[in-house]
Structures are given as structure tokens and as C-alpha cells.
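# Report on the structure
The residues making up each chain are set out below.
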Amino acid sequence: MKIKFLLLGLLFSFASLAQDYYPKNDGVKTKERNFTAITNAVIYVSPKKVIKKGTLLIQNGLVVESGKNVKIPENCVVLDAKGHTIYPSFIDLYSTFGVAKPKRASGSGRSPQYGPNREGFYWNDHIRAEQNAIHHFKFDEKQAKTLLQHGFGVVNTHLADGIVRGTGTLVALDVNGNDSKRILANQSVQYLSFSKSVQSRQSYPTSIMGGMALLRQLYHDADWYSKGNVNTTDRTIEAFNANRNKPQIIAAGSRANALRADKVGDMFNIQYTILGGGDEYERVQDVKNTNATFIIPINFPKPYDVENSFLASRLELESMREWNQRPANPKILAENGVQFALTMHELKSPKAFKTNLLNAIAHGLDKTTALAALTTVPAQVLNNSKIGNLNPGSHANFMIASGDFFDSKSSVLEHWIRGSRHIFEDITLQDIRGEYHFDLEGVSYTLDVTGSKTSPKATLKSNQTTYSSNLSYKNDWVHLLFTGQDTTQQEFLRFNAKILSNSTELNGTVSFEDGRSQALTMSKLDAKKTKEKTNQEDPKNKTIIPITFPNVAYGHTALPKAETLLFRNATVWTNEADGILKNTDVLIKNGKISAIGQNLNVRGAKIVDATGKHLTCGVIDEHSHIAAASINEAGQNSSAEVSIEDVVEADDVNIYRNLSGGVTTIQILHGSANPIGGRSAIIKLKWGESSEDLIYKNTPKFIKFALGENVKQSNWESYSRFPQTRMGVEQMYVDYFSRAKAYDDAKKSGEPYRTDIEMEVLAEVLNKERFISCHSYVQSEINMLMKVAEQFDFNINTFTHILEGYKLADKMKTHGAGASTFSDWWAYKYEVNDAIPHNAAILSDMGVVTAINSDDAEMSRRLNQEAAKAVKYGGASEEEAWKMVTLNPAKLLHIDDKVGSIKIGKDADVVLWNTNPLSIYAKAEKTIIEGVTYFDLETDKKHRISIQDERNSLIQMMLKAKNKGMKTQPVKVNKKLDMHCDTLDHHEHEH
Amino acid sequence: MKFYIKFLTLFTLILSVHAQQTPAPSQQQAIAITGATAHLGTGEVIENSLIIFNNGLLEYVGQLDSTRINSDMEVIDAQNQHVYPGFIIPNSTLGLIEIDAVRASDDDAEIGTWNPHIRSLIAYNTESKVVETMRPNGVLLAQITPRGGRISGKSSVVQLDAWNWEDATIKTDEGIHMNWPSNFSYGRWWLGESPGLKVNDKYNDQVSEVETYFSNAKAHLATKSKGTHLPYEAMTGLFDGTTKLYIHVDDEKGIVDAVTAAQNHNISDIVLVGAYEAYKVASFLKTNKIPVLLRRVHSRPNKSDEDYDLPFKLAKMLVDAGVVVALEASGDMERMNSRNLPFYAGTTVAFGLTKAQALKLITLNPAKILGIDDQYGSLESGKSATLFISSGDALDMRTNQLTRAFIDGRDISLESHQTKLWKRYSNKYKTQE
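## Comments concerning the interface of chain A and chain B
At the interface, 56 residues of chain A touch 48 residues of chain B. Elements with a contribution of two residues or more to the side of chain A that touches chain B: helix H7 (309-312), helix H8 (317-325), helix H13 (653-660), helix H19 (809-815), helix H21 (863-872), helix H24 (937-963) and strand E45 (972-973) of chain A. Broken down by element, the side of chain A that touches chain B gets its largest block of residues, 5 residues, from H21 of chain A. Direction of pairing for E45 of chain A relative to strand E11 (residues 197-199) of chain B: antiparallel, over a ladder of 2 bridges. Within E11 of chain B, the residue paired with Lys-972 of chain A across the bridge is Lys-198 of chain B.

Okay, here's the thing in C-alpha cells:
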């Protein structure tokens, strides 16, 4: 759409540009004291305060008064805005207006940069609190006009680069003025995000959890600095501390990241205002619990082009749902009392803003809330009472819309910023639409003028004949071109008429084909109202696919509840002294194993006939990387400061698939990118619950360590990070633990100390409060780590992978380390050349607590079979093999008091199998966690049917949308990458 | 760095030579296996059976009949045990790569797009430590297949107990492998694209490139006065029906396009490889008699909303529809995982097939598809004595426990680098006690 921008600066005098103290050399000094009154308009003083037919009185760029009976002073210019509506200018809290994107730092190749580019600033280049948007700001006139025309008059702009981005600037989009009037507040807020700066290639952080850790450490460092403990100058921290009292806006970009941001804020008593992602509706209660004000983009997805059914079949249900559900996000947020502002952020064209806003309203967003989200809410975030409303004393920032802004037909006619007028359409423009009648040379004509008010169209007829004609309406003049009576001739008549106010006729002159001309009056037949279809759809007509928990295929429409269940006549693998009990009943009550025995009878229990079936405790995977948004923080050789608990993703379908394989508990381990990795999350696979609720209650603390090729970065082109050899790995551990010891000693001495999250975590290891699970392959390094641990008087809890464990099982036994290994993987890299599938059996024979793990989203759902391989290779007994995927990992994880066997009082995490669970022919029929059935073959069947139905109806809806002329997008799949040991936030694929 | 690579290669080589089991000599004496449950691979099972083989060939497979046993025979009492034909792993890179991460040991994919002349057989390393770990699980034959390019090259069928690739050969250059263009392509995240799948807008162009290539090959082969053109000439067998065309393709539309295109070029012997969505066009495949080497059973569904067990039950769906199916194992960690082939078949039983049907997927069906069923793939009189004895059900890891195995009647070793280490370290601890 071409922007019409008329009469710019017509009332230039309204704006007194210069300050009193500016010298004037081009004339005399004047001062503007006149008032302006805009009358007869509907005035939205604020979203809830509306004056019908009111007057808005302004002077010197400020609102003087608004109301029904405003007394108009003598020195006042009056503007009649009859039929129009005045709104306070919209405010966009999350803008990059006039601030150019910084250039990406040059350099390429895979060799990472570990140090910063800068001197005298924080050690990490992605923390840029010293940035001020104003230093990069250049008023963008063209963009300003576009924004004004779409209702936005004030933007808070910033340099969208870095994890801490420094201050933003509040700009009034006064095209006529200069920056002295435009800048409403310099350094208005501080911006943060989870995205790195493009101005530096410094590799840390490589993950979202690293970003969170970095922010936390920054708050600690800033605090330490502010107390005068640092004798060097850090301009970043100084700026960061100076910005602390401003509003803090963090660009999270998604619901999940919003919750993460809030978690960081809570730790330091900061309430961020959070830029969301439009997916907040999926778990709105969690969003509400943040108590944050949100900034919500409304870039709703287009329907997919599903005409080609081959391509369409590749679409994921969740993407199709997104198209259907996202427009309801603002409504759902509003209904649940989440305060939010709206932003144009992420919209490709500003035109889409109104289209999408109307779509949100059609999906039930209430207009008052919508208006508040564009005016008072952002003003409140900015602590600025002079914008977003038209109360006396506020800035005269307002638009005049041709009617209700939230009507698809209305447009912004004028936009006034600090009293400076910007005109897009002539406010006095006469509506010439209607039916006219005239006689010319003995013929009676009818002229039907329809279309929009600003560019109407004409149809000219007499009796049955329609003449080709063309009408233009510009600057109060109508020009009509039409063919003569002989329609076979290409000869035109021309009619020109000046439109006078309140005229019901077109009075003008007609020029004939032969050059003659005569006066002609076309009279309006009746003042018939042009039928304006209000494009307001009834929200009830919108079919919204029900939101499930999680909001993907196989999600629950309502969270399942714990039941009292009695399994009758099962073969029960107790993992206790009782061994395998035949024909036995097990009662589950209140989420616990309540009774084991024969012929149990309990009133009210749901009976499950388990005749011929096997009941076991749930499978536990010591080494998993599913259900996490990041796995590796690879930016440094130690990342003890990060925690997988920060990035658990409850929506990963692999949780459901693991349940289908009888898995109930997993440890999500950090990857193996560095010798000291990050902290683990131990979770129960309670499919449907929120991420935080998956985390094991009173969870034991773990951290991942790693040895060998991955930490040496042997298999990719990286030669700059210490350590590059196994020799270096040892010294790195000794260094870190020596420092951690010194840190802990200092802390215990009561002296003031700088909180260092990394050292805190390693001190927990030294104090035996946190356990290590160490990725390991060859015997030399395994031996080494045990010796390092012994030197610092702690134990390695678990060696994971431990493929050469069989070579030093005796030493592991003596040290007290457990083993968590693959059943039969090997040959994928040099250090697993001597891996043998008999490993688990040998270790177990030697009395090492041995588990079999997956490290793989596919294998994890068949861990029962992997356990059976310990029977095949090395001849473990079936009971012992079964313990390798249940009780033993529970022991390794220090959760065997609650899970890992069928014992009265333990958590009711059980699986019902159709046959011996070690058999290749075994299938999990029910997987239960704490008495709640999270997987059930019968329910699964129902899901399959409903998924098909839902796909079909969504495809029909999309076809309908396309048929209606809606723009579509090609089929695509937003792939979530599988995470393995070596996975950075987007690549690498090894173990 | 160069030094390290050389060093590593040398070291690996030494280890491999050291570890390799010596191939068994040819059969010297007739062998009778008595009393076992014989799983013929044809769908038939004989309880209390007698199997006699001599000079590498099966002479008798039937009910136990002691009159057929004579004193010249070695008699193996296999009561309560099970006998199976040697399992066959098609579409395999065994012996082409030793250690994934060690580039020097990788020989599976040549550069270039059109490689019909590339032959996997000559790179097949019979001394591979990975190969010898197949045998203890019953995997005795493999189709060694090159990767990469649009046309990857030629595969050959080998047996897994040999001195060199010539010894190993069962069928040379029996098929040409083509990777059909995908209807989808992955976003190049390193260029800032979203890493997901999007419609491949070059699909039609890529298909017409394939068509053009085949037309050109045909045109070249039709002239008598042709100059040398190695790739085109390597395709001769495709057009006269002596070489099979293996088309690696997964999606429904691609399958139909690929089969139709090949047929338009008068290629009669077509096999699909991977074929994830073959179940959607099963009747088309049945009608056109197109067999399928089905992708690894132990994998996850491609889409999050698909049935969790879709990869487990694909075989059942195709078999029920009358398609000839064999199982393959390509993908991540494919070589070391190939020894799990029997358990892939076992999983198809948990998800619908009978055990006899499942067994066929790794015996007679792959033999038929690879064109070696006159000799291999089932226990039938006259065929090669390539078989093994397991103390239990070989499709289940709980019970897959080989006691003896034979390739062409040769009594092969079930030891490996891995069993040696197992024994060595078990003994280490025993002597400590």
C-alpha cells in the first residue's frame, strides 16, 4: 500500500520547534499561544473513558482538556471531526525504529573465539549494558509515516543485539519536528534477551541455559562491583548498575523462554516485562504465574497450502494447530488476567498489524483490552503517564480515525504528535457515494458511485446499457470519463465537478467528443447509505481446536489423575528379596505401592486383570537427552554454572514415546562438550505436566563430567581450547577443584566473597552434596579421574558410557563408582574400539552397580530389550539384567528410596507388560507414574483416531481459507533437532 | 596432524589384523544336525528335525530319520535347540567403514553425482572387526552397498567369513543404487535457514535430470561406434535385466514417481530401499511386483503425530498387502547395529507378524530380492549349507545364543575381537580372586 501523506506540515505553526534559549537569526522570535480544538469527535481519552461527540482541546503539544462541554477559548483554531474517532497514539514497547542492525563480526571457520573483543568492559561481549540506543538512532521519516498511518505514534526503540542490550529510547514519531521534540525519554528502559550479540564471535554462551547462567552471574558480579570490591573499571557493569532502576524488558520470544526469563528475574527480585512468542495460550496458567506484563507479537501464521496431499501429509499436527489456535492467544491471555501490550515486532509489513489485530478480535479479544494493550499498558510499563491517554497534561499524541479503529474499513486520517499534525486523508473529504441521476441529450442516465470513500468507483447505465466509465476523486474534484451513446466508437465524454461541502449534487461541466461543453448537474437520488459490510466476525463462528497438555499430538485434553488400581494375578518383578512373584496382586493407592499379595480386596479400586502379564517398576534411564531445549554449553571447558533444569521441555513427544516403552524416570544429562559439563535434571515422565512439575521432587543433585575425544574436540576442527589431550584434562580438573576448594574455604571463613556459580557447584561436589556422572570410554582416563577425586576426598558416583569399564572393574569397585553403559554400541569412534557388549555383565559380576542407558531417543523406548542383551552377552541372570534398567539406575541416581522396585511405600511407578519384559516380544500396555496412567494402549488407540480426525478437519479449514483467497504458506516442518551428547544448540551428532 | 592420521591408521590396521578370526576351511566331512527345531525360512518349521549337509550343500532337511545318519558324519545333537538359515543384511556398508569418526577408515561414498561405475566390492574389508561381530548373532551374508551421489554405484553380495573380497563374493555387482530426489529438503541452518523440512522446489528438475541421464545412457549404449563412457556402460545390465535397480526413496509421491520413471526406461528389476511410506502405496507395489528393503525397524516415526509404533508395524502392513519385504538397517551406527538384525525381525512379531513371517524378512525374502535364493535364504535340500544353531529363539535377544554356524558348510568361528576381550578380562578377575 502506498502511503498517502497529504499536506504535511500544513499547521506547522503549531509546533514551536526551537527552545527559548536558541538564538534566532532568520527573523523575529515568536511564541505560539493559540489553542486547537477538535470537535464533534468520538474521543477515547483512555480505553475505558469514551466521550461521544466531544471536544479535544490542545495547546503547545499538550492536552488541555477533553470532554463533552469544553469551553473553547477565543484564540483557538477549531477543526470539525464529525463522524470521526480520536484515539491516543499507540505505543510499541519493542521496537528497533531508526536503529540500524549492527554489522555481524567478521571471521568464519569453525575455530571458536573464547575471549572478548573489547577492553574495559565485561568479560563477555554479549553483555552490552553500556549500549544506548540513542547513540545509534537516526530518525527514519519514511518508517515513521508508515507507523503513524497504522496508529503508532510512540515507539520505544533499541539496539536489538546482545544478551544485555543497554538502554532504549522513547521516541514520539513527529515527522515535522526534530529530535529535541521526538525524544520523550532517553535511556527509558534496559533491554535484555537470550540472543547473543552479532558484534562478537565470542563463543560463550552456546545455549539458552548458558545465557541464563551468564545473566545470573552478571547480577552477582554487578552486586559485588557495586559494593566497591573491584579495583578495575568495568564500564559494562557500571552501566548495568546504573540501568537497574529502569524498567527491564527481556526478549524471550516464546512461552518457554518467558518462563525461563522470569525464573532468572525471581532470583534477583526483578520483575521483567517479557516479550513473548504468541504461544502463551498453550500453558497460560504458568504464564500467569510469572506476574509479568507481556509484550505479545501478533504475527499469526498463514494457513498451509495443503492442496497437494502428498506434501500436506508431511505437516505436523502441532503446526496445523498453531495456525488455528494462535489468533486466540490475546483473548486467552486477557481471559486469564495476564496483562499484556501488543507489538508490531516480527510483522513483515505494518499492514498485517491491523489485519491480525482484527483477527484476534474476531477470535474473541475484547476491543477495550486491545486498546489498552496499545496505549495504557505500554505507558504503564514505561512509567509514563503522559502517553497512551488524552488526559489533561498528557502529550497531544493522537490519531483521528475515520471511524472505529477496530473496523476493517476504517483508516487513520490524521495523526497528531505533540500537537504536530500529520494528515493522511482529508478529514473534510465529502462522501460522494450514492446513486445519481441525470439527462443528457435526451437520454436518462444513472450513475452509481460505490467503493471506498477515498477512491470510489462508478457504474454508468441507461436502461439496459452499461457504459464503460472511469471515475477519479481527488482534491475535491470529481473527474468522470465515459463512452458516448454509440458504444462501438471509442469516443469519450468528460465530466468535471468541484465537490462542495454538504452538497448532494455533482455540479460541473461535461465535454463532448466533438469539443462542445455544457453545464451538467447530477442529482443524488436518495441519501442511501452505502452498505458497509462490517467485517466483524462472530467469535462463535471460529472453530478453535481444543488446547491439550502438552499442546501437541497425544496431549491430554484434561490432565489425568491418580487412581486406586488393583493389578490382579500378575507376574510381579519386585527387584526385592522376593524376586519374581507369580500370580500376585499389587495395589496402588495415593500414588504409592500400597499392598503386594494374593487375593487382595480393596473397595473402590479399579481392577486390572493382569493374568498372563508381567508387572514391573518403571524403567529408569540414567543417560537421556530428550525433553530439553539445550544439551551442551560448549562455550568454555567448564560449564558447571548451567543446569538442564532450566531447559526442560515438557512438550517433547519423545516423552510419550518413552512412556510407550515403559520408561518413567530419566536423567537428562548435559552433553560431553567439556570436561566439566552442566548440572542434570532428573525428571519423571509425567506427560502433560509443566516442565517444572516434571522435575523429581527433592531431586538429588548431579553434574555431568566428560573425558576423551569429545572434550579434546578430537573429531572436529578445533584446536584452540584447552585441553587437547587426556594429559590436559587431568590438570584442568586439578585446577578447578583446587580453586573450588579455595573458594569454599573463603566462603566458610565468613569473609565477603564474590558469588561464583561455577565454584558454588564444584564446592557442592567437594562437600559431597552433588554427584558426578562422567562420560568416559577408555580405562586410562577413568582411572585418572578416580585418582583426582580421591586427591580431593570425594567419589565419582557414576561413570556413564564407561565402555572400557570391564578393564578396571576392580578399581571402580574399590573406589565405589557405579557404571551406566550402552548394551552393545561401539566402533563409532576410535576410543570405543575396545567396547564390548559383555561390559555390563562383567561389571555387575564384579559387584559394581551397573545400569544400561540409552543416550538416544530411539533406544530409550526399548531399554527393556537392551537389558536383555546383558543376558545374551556375558550371561547375566534375567533378574539382574532387569535391575540394570530399573533398580540399579535408581541407586546410581540416589532415588532408590522412592523408585526402582515394587515395594510397599515406594512410588507407584509401574509398567504392565504383555509378556516377559526382557523379551523382544514384550509390549508395554500401561505405564503408570505415582498412580497416574500416562500411557495406555487403549487410550493410545483413541488418540490415533482423534489425531486423524483433527488433521482432516484442519486440512478442510485450510482448504476453505485458501479458497476464500487467503494467502497461504508452503508446507514445512519446524524440526526440533534431536539432542545427543555432542549436540550444541543446533548441531553435531555423536556420542 | 598428518602424522596423527597416519599413526592412527597404522595403529587401527595393526589391531584389525591382530584381531581377525581365521576363515574356516571348506567342509571336509558330512554333518548331521539332529533333533533341532528347524526354521526353514520358507515359513515352514520342522520340530525334531534332521539336517544333513556335505560339500557345502544341504542334502537333507526333514523329520528326524536316523536311517539317514551314517558313521562318516559328524553328528551334532541339537535337541532343544534351533536351526536357522544364515541371516542376510541387505543395503549394508559393513567393511566399507571401520570407525565412523576416523576418516581414514571411511570408504563408503565416492564424490560426484553419477557413479554407476563405482563398485563397493573391491573396498569391502573382510578383516573388519565389525564384520566378525555379525556372525555370533547369526548374520552371515550381506549386500555391500555404496552410498552418496544420485547414483551411488554397484552393490555385491558377500558371505562374512573370508580371506579377501574375492573369496567373500556370492554375487558380483548385482545392483545399481540410486537415491531418488526428495520432495522435501532440510533448511541449511548454517546459512541462517530454519533447520526444518521444506518443500524441495528443485524436485521436478532433479527428477528430469535423472530421466535425462537414463536416456543418455540408453542412447550411448545403442550406438556401436561408441567411445568409452564408464558410467553409461556400467548401466548396461539395467536395460537388459541382468542388474537390479535399487531405488532409495521414502515418500509416497517419490515412490510412485521413481517406479514409474524406471519402468518408462524399461527397467524391469526394481527394488525400493527405505520406503518409509510404502505402506501408503502397497497395492501399487504389489501390482507392479516391486519388493521393498524396509528401513530400520528400530527407529522413531518421522512425524510427532504418527503412531508411536509405526516403524515397528510397517513390515506387517506391507506383508499383509502382499508386498515382498526384507529388512535393512542403514542409518546412524548402521554397521555395529547390523548384528541386531534378528531383533528387528523379532520386533515385527511384537507388532503383528508371525515368527515365521518375520524370519522370512531376514532370510528367504532378502535372498529373493538380491537374486541369490537359488543358493541361499532357506534350509532346503540342494541349497548352500549356510545356517546356524542357536540354543533358543534367535529372533529374541533373551535367547539368541549361537552354538555353531556354517557358511557353505564351513564351520565358522563365533569368536571376535570382542569375545577375546571378554574372556581375557573375565580371566583377569578370576585369577585375582
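## Section: the nonpolar core
One finds Ile-247 and Leu-272 of chain B to be the most contacted residues of the largest nonpolar core, which totals 379 residues. If you tally residues by element for this core, the top one is helix H3 (residues 208-226) of chain A, at 9 residues.

## Here's the deal with the packing of H3 of chain A against helix H4 (residues 235-242) of chain A
All names here are of chain A. Their axes nearest at 10 Å, the elements H3 and H4 cross at an angle of 90°. With respect to H4, the element H3 is oriented roughly perpendicular. Residues Leu-218, Asp-221, Ala-222, Tyr-225 and Ser-226 of H3 lie in contact with H4, whose contacting residues are Ile-237, Phe-240 and Asn-241. Considered class by class, the residues forming the contact of H3 with H4 number 5 nonpolar, 2 polar and 1 charged.

## Section: helix H11 (residues 341-350) of chain B
In terms of residue burial, H11 of chain B counts as a mostly covered element, since 10 of its 10 residues are buried. Where H11 of chain B is concerned, the buried positions are Leu-341, Pro-342, Phe-343, Tyr-344, Ala-345, Gly-346, Thr-347, Thr-348, Val-349 and Ala-350 of chain B. On its buried face, H11 of chain B sits against H21 of chain A together with strand E6 (87-92), strand E7 (139-144), helix H9 (310-320), strand E15 (325-327) and helix H12 (355-360) of chain B. Taken from the residues just after H11 of chain B, Gly-352 of chain B is the one with a positive phi, measuring 125°.

## Re the sheet that holds strand E24 (residues 477-483) of chain A
Residues and elements named next belong to chain A. Sheet architecture is open: 9 strands sit in the order E22-E21-E20-E19-E27-E26-E25-E24-E23, paired in antiparallel fashion. Each edge of the sheet is formed by a strand with only one pairing partner; in this case those strands are strand E22 (465-467) and strand E23 (469-474). Going across the sheet, the axis of each strand differs from the next one's by a mean of 25°, ignoring polarity. Bridge analysis of strand E25 (residues 492-498) against strand E26 (residues 505-511) gives 4 bridges, and the strand direction is antiparallel. Along E26, the bridge assignment pairs Phe-495 with Val-510.

## Quick notes on the environment of Asp-266 of chain A
Positionally, Asp-266 of chain A belongs in helix H5 (residues 255-267). Separated by 24 residues in sequence, Asp-266 of chain A and Thr-290 of chain A have C-alpha atoms that sit 8.9 Å apart.

What counts, and where the lines are drawn
- Residues numbered from 1 in each chain as written.
- Chains lettered and ligands numbered in written order.
- Predicted model: local features only at pLDDT ≥ 70, side-chain atom pairs only at ≥ 80, totals over all residues.
- Contact = placed C-beta atoms within 7 Å.
- Helix = DSSP H or I, 4+ residues; strand = E, 2+ residues; numbered from the N terminus.
- Pairing = 2+ DSSP bridges.
- Core = buried A, V, L, I, M, F, W, Y, C linked by C-beta atoms within 7 Å.
- Buried ≥ 20, exposed ≤ 12 C-beta atoms within 10 Å, placed from the backbone.
- Axes fitted to C-alpha atoms, helices over the stretch in contact; angles between N-to-C directions.
- Parallel < 35°, antiparallel > 145°, perpendicular 65-115°, else oblique.
- Nonpolar A, V, L, I, M, F, W, Y, C, P; charged D, E, K, R; others polar.

Purely spatial values, then, with no claim about function.
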